[in-house]
Structures are given as C-alpha cells and as structure tokens.
Amino acid sequence: MKRFSIECGVTRPSAADAIAMDVQGAGKNVNLRIDYISRTMLGNVPDLLIDLLEVASYVYCADQRLRRGSDMLTNFGEDWRRSLHFSIPVRQLNVWQDPDVQDQLAKTLGFLSDDSYEFTFRQAEAPAQPKELYFSDLIDTTFEHDQVALFSGGIDSFAGTAHDIVKMGKSVTLVGHYSSTKVRAVQENLIEGLRKRGFDRQVSYIPVWVSNENERAHEFTQRTRSFLFACLGIVVARMAGKDRFTFYENGVVSVNPPLAGDVVGGRATRTTHPQVLRGLESLFSLLLDRTIEIQTPLQWMTKQEVTRLISAAGLSDMLAQTASCTRPRTWTRKQKHCGVCSQCIDRRFAVLSAGLGDHEPSGNYACDLLVSDRSADDDLRMALSYVAFFQKISATSKDRFVVDFPEVTSAIGHFPDLTADAASSKLHEMFQRQAKAVEEVITGALVEHRTALFRNELPSGSLLAMCFNRNGVVTEPPSGYDAQVKAFVDRLSAPVLEFAVDETDARILFHGGDRLDEANYRIVLALITNFRSAKATSAEVPFIRAPDLAAVMNIDEQSLRQQVSRLRKAIEPLAVNLGIPMDQNTFIETKERAGYRINPECREISVADVRAADRAVRPG
C-alpha cells in the first residue's frame, strides 16, 4: 500500500514525497465555487461548514490526483489501495480534533474508497479564505422548498425529482456537482425542461464546481465523489435551516456487490452504500451536534422501477436528456453514452426493460448494448459479467443469498428500521426483480434478432451473440476470442475452487497463475489421498487428526497450525483473481477435534486443464 502525504493550505510541500493543495492564493490548485445562493442563505453558513467544504474538496481532488496501482490487483489488491495522510487547516480546530470526529471521518472514507486515511488538523491562520469568495452569483430570491436533494443529471436523480415535484407536489432545491462543463449542461437542460413544463416555482438549482485547477487528474474512479456530494448537500440543507437531505439512487446500485472477481473493495463503487450513508449521518451529527438524516426514497427500487417513475410523471420525452455515462470526455453532441462502462450497461438494461426504448434511440450510445461488437479491450467482459451476475442471482434462493453473495452482508445491518432478516429478505426480493428485468431484455432481444442470430450476421463479439452461443445453438465458437470469453463466463457463473496437483514440479496450481509450493504443497499432498478416495466413491471426505498430520509432515502441532495459517494467507488473492468468496475453510477445512481435510466443495482437475483454461482467458 503506497503512502501519500497531502499538505493542504500551503504553496509548496515540505518534502519531496508530498503534494501541496490549496483553495486560495498563489498556490491555488483546488477550485471550489457555489453558484445561485441567496444572500439570506449565505448568512447562515458558519465557519464549521466552510471547513467541511474545504476538507471534502481536498479529499475529492487528492483522490483524482494520486494514482492507484495496477488494475491487475496483485498481492490481494495491495497496489490498488492507498494510504493517504492529510494535513488541513481549519477554523474550528477544537471540533475537528475530537477523536470521535476523526475516527468516523477516517472510517467512513476508508469503506467508501477502500483506502486508508489519516488526518492532522491545524488552526487556520489569518487571513483564512473568506467564505464569500466561494459563493458567486448571489441572488435576492429566498429558497423555502420542502427538501434539499442531490442532482447528478442521471436517470435516478431525475426520476426522483420528477416523482417528488409532479406526483407528490413537493418543491425541491437541487444541488448539482460538476467538474466538467458537459455535466453542468446536462443538469441545466433538465432543470430548464422542468421549468418550461410549469414547475418553475417547485424547483431551484444550485450548481457547485469542485475540481483540480492547473493539475492533471490521474485517477478517474472518483470513489470519494459521494463524500463531496453529501458534504455539499448538508451545507445547503443547513443554510436552508434543514437537518436532512435526499440522495436519489436505486437500491441495487446502492448495495452494488462486485460483478466480477477483480472488482472488489473500492472498485465496486459504494457511493450510496447504506454503511456509507449511516457513517456520513454519524459524522455530520457529530460535527453539528444535532441529528442529521440522509433520506433515500428509492432504496428499495430497481433501476427499471426507478426509470418508470419518469414515465409515470409524464416526462418520458426528457429521458434522453439525462446522462449516466462515467466518461464525459468521450461525449459528443449526439452521443452522451459510451455504452461500455458499467453505468451505461445498467442504464440501457433499465430503459429497455421499462419499455422506454422508443424514447432513447440506441444511436445515443456509441456502443449498442446488444448487437455492437464489444471485442475491443475489456468491453465484452464487462457486459458478460453483468449478465452472468444476474443469471446467478436469479438461481439463488433466499436461504443462499447472503451465503453466495457475502458482500451483501456489509449492508444488512445498516437499515435502522429493519431487522437483519427483514433486510436480507427485501434485498433478495429486489435483486430478483432486477435479474428478471435483465432476463426479459435478453430473451426479448433473442426473439427480435433470431434471424440474424441464426445466420451468424451479428458480430461474434456482441453481447447477444455470446448469450445465444452459450445457450447451445453454436457448439463451436467461430473465433478464438469467443472461446476466451466463454471460458471466463463459465468460470464466473460457477465459482468453484479448482486446483491441480503438479507432482513433477511439486506445486499446487490454481486458475489465474496462483500456486502453492514447498511446505504448502506438502500439506495438500498429505491430505489429497483421503480427498481422492472419497470423491471416487461419493463418500464423505474424512478428516486427518492434527497429531497424525503433524507426524506425516514431520513437525509439531504448533508448527502445523502456523503452516496451515500461512497456506490460507497464500491463497487469499484467489478471492480477487477468481471472484470466489474466501474464508479460512474454503480450501483446507478445519474441524475441532476432527482435524484437517481438503474442503469437499473443491474440485481437483488436471494440470493440463488449468493451463488450457488460463490460455483461453489470457492467450499468449
């Protein structure tokens, strides 16, 4: 884990391995500007909230400036995660030095971005940045709306807004963050569209610009963007005299378990994860010494169900004006969706399953969800992972849901009004509805394109062709690329730990190139006879008592326990590389007083099969 030092409020760093960040003066490289605030609201901004805005801006901009490591996630993601130490000047030092505040801040950000955080706060020296410099375009109008909500310009935020102002008759102050003028244009066009439909008095818009200035961004995952967004929300809410604000986001994206084995931790975005939201509520409540609530009215809805809110509000014709793509640099006047990022894939499935495809032509996407060739780079893999994930969901019972998708457990305990069992049931039902929506899109498209599929007229690297081929219509894929993808999807949809015993080189082989050798190999070799015999006769795999196994290994029992522990640690990267939930018994199982055995759920295959499968996924 690489360590970074971020010195804030200074012109130059004090050490060669540190970076300097500042929101003011000659060294200014962080831009923070809030537009269209009323003069009355500005008077309600205490120094503590200005501190919060600066802290959030520094965290967000540093997140973009500091590179993560390789996407390969070697050493169990060691290079992906970062250790970030911030030194930040604040006006209300006594509040920020509170151990509970610092602990909650570091803990919430750590779960959100999968990094490690440390904060050192110091007293801001005069003259500190005057708060008025952050607020331009002051207006005399007063905002007395029912609620404050965060507005990105995507389907979810627009659907939530449309439902509240059209169907519920509410008035809403929308806070929109942007770091690109393209994103701001999307937000402004949607607001203008609502106003033209007669909702001018029910909606107001406060755009906020936070970005690096004169510094190049290197990291585009933006895992801390929701922290910045939430801080903007609570600041505007308090300026309006409210103790709550709203996040519009569907529940599937909110929980967002990883679609594939190498999408773990901060790579599986946690922007509105229930644990993050509860952490932010606790942080804001500690800072402000009052109970703060973050409302999530779309929490138990799928993307399809959220998309239908737009139609129910009579605003289907505005659907195509929303934008969900994470790659605004690639947008053109006609196409604001790349079609290959996870957000574009999720969006398109939702639009089609909601029956609103006519209101958003496929030409709005640079890559059509179903029929475009996705052979380039990682594009097909992302789409196949999405489908395979929900295939597995659809076949998972409620009793197996948390077991087969352990990432969901991080959310279950963070719904204050539900027991763990009730939350698990509601999550399972919601994911099942999402899986059904994905299935309906695929099966409907198979019928629509059946002639082209039968004649092999669609690109072999298209999502629909791959789904068609995997249903058995084409037994031999027409290209080596199809074989690679089929091998990957088959492994993804059936996450069984497979291993091979390479007795020639004295090592245990796993898919993806991971292996065990030396003492770890000898432990497996000592257990393999019982495993093979039981498998051959469909019998229960017997345990070997610890003293007996230690004797075979020619070591004492304490050394045996230590060696088994080292073996388990050595295969931890398999959780990342293969997408298999790992615990201490996944490979070598221990039972008190019974001893050790190879887990019966594992599968022994030949050395040649391991190597052949890996060549199919990673040719050459």
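Please read these numbers as outputs of a predicted model, since none were measured by experiment.

Caption draft 1: Summary view of the overall build of the protein. Counting its secondary structure elements, the protein contains 24 helices and 17 strands. Split into buried and exposed, the 620 residues of the protein put 53% on the buried side. Considering only intrachain contacts with a sequence separation of at least 6, the fraction spanning at least 24 residues in the protein is 74%. Accessible area of the protein: about 27000 Å², with a carbon and sulfur share of 47%.

Caption draft 2: Summary view of the nonpolar core. Counting 71 residues, the largest nonpolar core has Ile6, Phe86, Trp96, Phe135, Phe227, Phe245 and Phe284 as the members making the most contacts within it. If one sorts the elements of this core by residue count, helix α2 (residues 47-65) sits on top with 12 residues. Sequence-distant contacts of Phe227, defined by excluding residues within four places in its chain, comprise Ala56, Val59, Leu105, Leu109, Leu112, Leu280 and Leu283. Val172, Tyr178, Val186 and Leu298 belong to the second largest nonpolar core, which has 40 residues in total.

Caption draft 3: Local environment of the sheet that holds strand β13 (residues 507-510). With mixed pairing, 4 strands are arranged side by side in an open sheet as β14-β13-β12-β17. Every other strand in the sheet has two partners, leaving β14 (515-517) and β17 (603-604) as the edge strands with one partner each. Here β13 pairs with β14 via 3 bridges, running antiparallel. Residue pairing across strands places Leu509 opposite Arg515, the latter belonging to β14.

Caption draft 4: Just the environment of Leu309, in detail. On the secondary structure map, Leu309 appears in helix α11 (residues 303-312). Spatially, the C-alpha atom of Leu309 lies 7.5 Å from that of Gly160, the residues being 149 residues apart in sequence. Apart from the residues within four sequence positions on either side, Leu309 is in contact with Ala159, His163, Leu298 and Met301.

Caption draft 5: Representation of unusual backbone geometry. Of note in the backbone geometry, Asp114 takes a positive phi value of approximately 65° without being a glycine. Mapping Asp114 onto the fold places it in the loop between α5 (99-113) and β5 (116-123).

Caption draft 6: Summary view of the environment of Val175. By the element assignment, Val175 lies in strand β8 (residues 172-178). Placed 23 residues apart in sequence, Val175 and Ser152 show a C-alpha to C-alpha distance of 8.2 Å. Contact partners of Val175, with chain neighbours within four places excluded, come to Val148, Ala149, Leu150, Phe151, Ile206, Val208, Phe229, Leu232 and Val236.

Caption draft 7: Inspection of the packing of aromatic side chains at higher detail. All told, the structure shown has 19 aromatic pairs when counted by the stated rule. Note on Phe229 and Phe247: the rings are 6.2 Å apart at their centroids and 85° apart in plane angle, and the pair reads as edge-to-face. With Phe229 in helix α8 (residues 225-239) and Phe247 in the loop between β10 (244-246) and α9 (251-255), this residue pair connects regions lying 18 residues apart in the sequence. Each of the two residues, Phe229 as well as Phe247, counts as buried.

Caption draft 8: Layout of the sheet that holds β5. Here we have 4 strands laid out as an open sheet, ordered β2-β1-β4-β5, and parallel in their pairing. Every interior strand has two partners, whereas the edge strands, β2 (18-21) and β5, have only one. Along the sheet, successive strands turn relative to each other by an average axial angle of 20°, direction set aside. Sheet topology note: the strand β1 (residues 2-8)/strand β4 (residues 82-90) ladder contains 6 bridges and is parallel. Its bridge partner lying in β4, Glu7 is registered against Ser87. Sheet strands touched by α2: β1, β2, β4 and β5. Its angle to β4, the strand with the most contacts, is close to 150°.

Caption draft 9: Representation of the packing of α11 against helix α16 (residues 420-448). Contact geometry for α11 and α16: axes closest at 8 Å, N-to-C directions at 75°. Put simply, α11 runs roughly perpendicular to α16. When α11 is examined against α16, the residues Lys303, Gln304 and Glu305 are found in contact with a partner set consisting of Arg433, Gln434, Ala437 and Glu440.

Caption draft 10: Spatial organisation of the side chain of His428. For His428, the position within the fold is in helix α16. Under the relative-accessibility criterion, His428 is labelled buried at 12%. At 3.4 Å, the side chain of His428 and the backbone nitrogen of Lys398 are in polar contact. When near neighbours in sequence (up to four residues on either side) are disregarded, His428 contacts Thr396, Ser397, Lys398 and Phe401.

Caption draft 11: Representation of the pattern of salt bridges within the structure. What the rule picks out here adds up to 29 salt bridges. The shortest N-O distance in the salt bridge between Asp35 and Arg184 comes to 2.9 Å. On the criterion of sequence distance, the pair formed by Asp35 in strand β3 (residues 30-35) and Arg184 in helix α7 (residues 181-199) is long-range, its members being 149 residues apart. The partner of Arg195 in a salt bridge is Asp200, with the nearest N and O atoms 3.5 Å apart. Its relative accessible area of 45% is what places Asp200 among the partly exposed residues. Taken together, the shared-partner salt bridges connect Arg33, Asp35, Arg184 and Glu188 into one network.

Caption draft 12: Spatial organisation of helix α21 (residues 546-553). All of the buried residues in α21 are Ala546, Leu549, Ala550 and Met553. Summarising the axial view, the buried residues of α21 lie within an arc of 100°, below the 170-degree limit, and thus occupy one face. Exposed residues on α21 whose side chains face more than 90 degrees from its buried face are Ala551 and Val552. The inward-facing, buried residues of α21 abut α20 (518-537), α22 (557-570) and β16 (595-598). Of the residues flanking the end of α21, it is Asn554, one or two places downstream, whose phi is positive at about 60°.

Caption draft 13: Expanded view of the pairing of β8. Across the 7 residues of β8, 7 count as buried, placing the element largely inside the fold. Here β8 shows no split at all, with Val172, Leu174, Gly176 and Tyr178 on one side and Thr173, Val175 and His177 on the other all buried. The pairing of strand β7 (residues 147-150) with β8 spans 4 bridges and is parallel. Paired with Val148 across the bridge in β8 is Thr173. Here 7 bridges tie β8 to strand β9 (residues 203-212), and the two strands are oriented parallel to one another. In the strand pairing of β9, Val172 is matched with Val203. Crossover handedness for the path β8 to α7 to β9: right-handed.

Calculation notes
- Residues numbered from 1 in each chain as written.
- Predicted model: local features only at pLDDT ≥ 70, side-chain atom pairs only at ≥ 80, totals over all residues.
- Heavy atoms only, no water.
- Helix = DSSP H or I, 4+ residues; strand = E, 2+ residues; numbered from the N terminus.
- Buried < 20%, exposed > 50% of the residue type's maximum accessible area, 1.4 Å probe, protein only.
- Contact = heavy atoms within 4.5 Å.
- Areas by Shrake-Rupley, 256 points an atom, 1.4 Å probe, with all protein chains shown as cover.
- Core = buried A, V, L, I, M, F, W, Y, C linked by side-chain atoms within 4.5 Å.
- Pairing = 2+ DSSP bridges.
- Phe/Tyr/Trp six-rings, centres within 6.5 Å; stacked < 30°, edge-to-face > 60°.
- Axes fitted to C-alpha atoms, helices over the stretch in contact; angles between N-to-C directions.
- Parallel < 35°, antiparallel > 145°, perpendicular 65-115°, else oblique.
- Polar contact = N/O pair within 3.5 Å; in protein donor to acceptor, adjacent residues only side chain to side chain.
- Salt bridge = Lys/Arg side-chain N within 4 Å of Asp/Glu carboxyl O.
- Arc of directions from axis to C-beta.
- Right-handed = clockwise from strand over helix to strand, strands pointing away.

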